[in-house]
Amino acid sequence: MRCPFCNSEDSRVVDSRDSEAGDAIRRRRECLGCERRYTTYERIEEVPLVVRKRDGSEEVFARQKLLNGLLRATEKRGIPLERLERVVDEIENDLRRVPGRVVTTQMVGEGALRHLREIDKVAYVRFASVYRQFETVAEFQRELARLEPPMSAMKGDDERMQQAADGGREEGDRHNG
């Protein structure tokens, strides 16, 4: 390792530890020529992740592009940036496990939708409307219907809640009487 101060190639490692993110090894070095200290980082050289677009063209996966899409979808929704960065990390990690390493924009978009569905339903619909290229109100309605439980299931829940409330009142009346 060449010293950034005197260009000497002789140095010794004073301290070595994982970086905060855990994606590199941080090393404190001392130059044997000028005795100054400097920090170096050792990282795994990753093979680029290639994404095949709808038109068949390919481009290198861009974390920032995905994060920007998530930020637009969650705008004014109060979702912390750190949470969205974790989502991007999880999606990228999932994509890196794909055999052959060529993934599609569909895989990226569906991964984002899967996470947004759990985080915020409004952000999910916003992202879906752009990703799935909604052009009519009916397309929005179909997507909303996927998010909501069927009315029959909701009605059953309402009836059970009402029965519990009635049962609770009757129980209370018996104790008061």
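All values reported here derive from a predicted model rather than from experimental measurement.

Cut-off values and rules
Residues numbered from 1 in each chain as written. Predicted model: local features only at pLDDT ≥ 70, side-chain atom pairs only at ≥ 80, totals over all residues. Heavy atoms only, no water. Phe/Tyr/Trp six-rings, centres within 6.5 Å; stacked < 30°, edge-to-face > 60°. Helix = DSSP H or I, 4+ residues; strand = E, 2+ residues; numbered from the N terminus. Buried < 20%, exposed > 50% of the residue type's maximum accessible area, 1.4 Å probe, protein only. Lys NZ or Arg CZ within 6 Å of the ring centre and 35° of its normal. Core = buried A, V, L, I, M, F, W, Y, C linked by side-chain atoms within 4.5 Å. Contact = heavy atoms within 4.5 Å. Salt bridge = Lys/Arg side-chain N within 4 Å of Asp/Glu carboxyl O. Expected span 1.5 Å × (residues − 1). Arc of directions from axis to C-beta. Axes fitted to C-alpha atoms, helices over the stretch in contact; angles between N-to-C directions. Parallel < 35°, antiparallel > 145°, perpendicular 65-115°, else oblique. Left-handed = near helix turned anticlockwise from the far one by under 90°. Nonpolar A, V, L, I, M, F, W, Y, C, P; charged D, E, K, R; others polar. Polar contact = N/O pair within 3.5 Å; in protein donor to acceptor, adjacent residues only side chain to side chain.

## Things to note about the packing of aromatic side chains
Scanning all chains against the criterion turns up two aromatic pairs. With a centroid separation of 6.3 Å and an interplanar angle of 25°, the aromatic rings of Phe 127 and Tyr 131 are classed as stacked. One end of the pair is Phe 127 and the other is Tyr 131, both in helix α4 (residues 121–131) and four residues apart, which spans about a single turn. Judged by relative accessible area, Phe 127 falls into the buried class, the value being 12%. Arranged with centres 4.9 Å apart and planes meeting at 75°, the rings of Phe 134 and Phe 140 form a pair that is edge-to-face. The partly exposed category is assigned to Phe 140, whose relative accessible area is 34%. If you follow Arg 36 out to its NZ or CZ, it ends over the ring of Phe 5, 3.8 Å from the centre. Geometry around Tyr 131 places Arg 54 over its ring, the cationic atom sitting 5.4 Å from the centre.

## Examining the nonpolar core
If you look at the biggest cluster of nonpolar residues, it comprises 27 residues, and the most contacted ones within it are Phe 61, Leu 66, Leu 70, Leu 95, Leu 116 and Phe 127. In terms of residues, this core owes the most to one element, α4, which gives six residues. Excluding residues that lie within four positions of it along the chain, Phe 61 makes contacts with Leu 49, Val 51, Leu 66, Glu 92, Leu 95 and Val 108.

## Examining the pattern of salt bridges
The final tally for this structure, using the stated rule, is 17 salt bridges. Here Asp 89 makes a salt bridge to Arg 63, at a shortest N to O gap of 2.8 Å. Of the two residues, Asp 89 sits in helix α2 (residues 81–96) while Arg 63 sits in helix α1 (residues 63–73), which places them 26 residues apart along the sequence. Among the residues examined, Asp 89 registers a relative accessible area of 33% and is labelled partly exposed. Judged by relative accessible area, which is 33%, Arg 63 ranks as partly exposed. For Arg 97, the salt bridge goes to Asp 94, with nearest N and O atoms at 2.7 Å. Residue Arg 97 is classed as exposed on the basis of its relative accessible area of 59%. A residue is classified by how much of its surface remains accessible, and Asp 94, at 34% relative accessible area, is partly exposed. Connected through shared salt-bridge partners, Arg 63, Asp 89, Glu 92 and Arg 96 make up one network.

## Quick look at α2
Across its 16 residues, α2 extends 22 Å between first and last C-alpha, which sits within 8% of the 22 Å expected from 1.5 Å per residue. Those residues of α2 not exposed but buried are Leu 84, Val 87, Val 88, Ile 91, Glu 92 and Leu 95. The arc that holds every buried residue of α2, seen down its axis, measures 130°, which confines them to one face. Looking at the buried residues of α2, the elements they touch are α1, β6 (102–104) and α3 (105–119).

## Digging into the packing of α1 against α2
Their axes nearest at 10 Å, the elements α1 and α2 cross at an angle of 135°. Overall, the two elements α1 and α2 adopt an arrangement that is oblique. Remark: the crossing between α1 and α2 carries right-handed chirality. Taking contact as the criterion, the partners of Arg 63, Leu 66, Leu 67, Leu 70 and Leu 71 in α1 are, on α2, Leu 81, Leu 84, Glu 85, Val 87, Val 88, Asp 89, Ile 91 and Glu 92. In the contact of α1 with α2, the residues fall into nine nonpolar, no polar and four charged.

## With respect to the side chain of Arg 29
Among the structural elements, Arg 29 can be located in strand β2 (residues 24–31). Polar contacts involving the side chain of Arg 29 include one to the side chain of Thr 40, which spans 3.1 Å. For Arg 29, the contacting residues outside a window of four places in its chain are Met 1, Ser 11, Arg 12, Val 13, Val 14, Arg 36, Arg 37, Tyr 38 and Thr 40.

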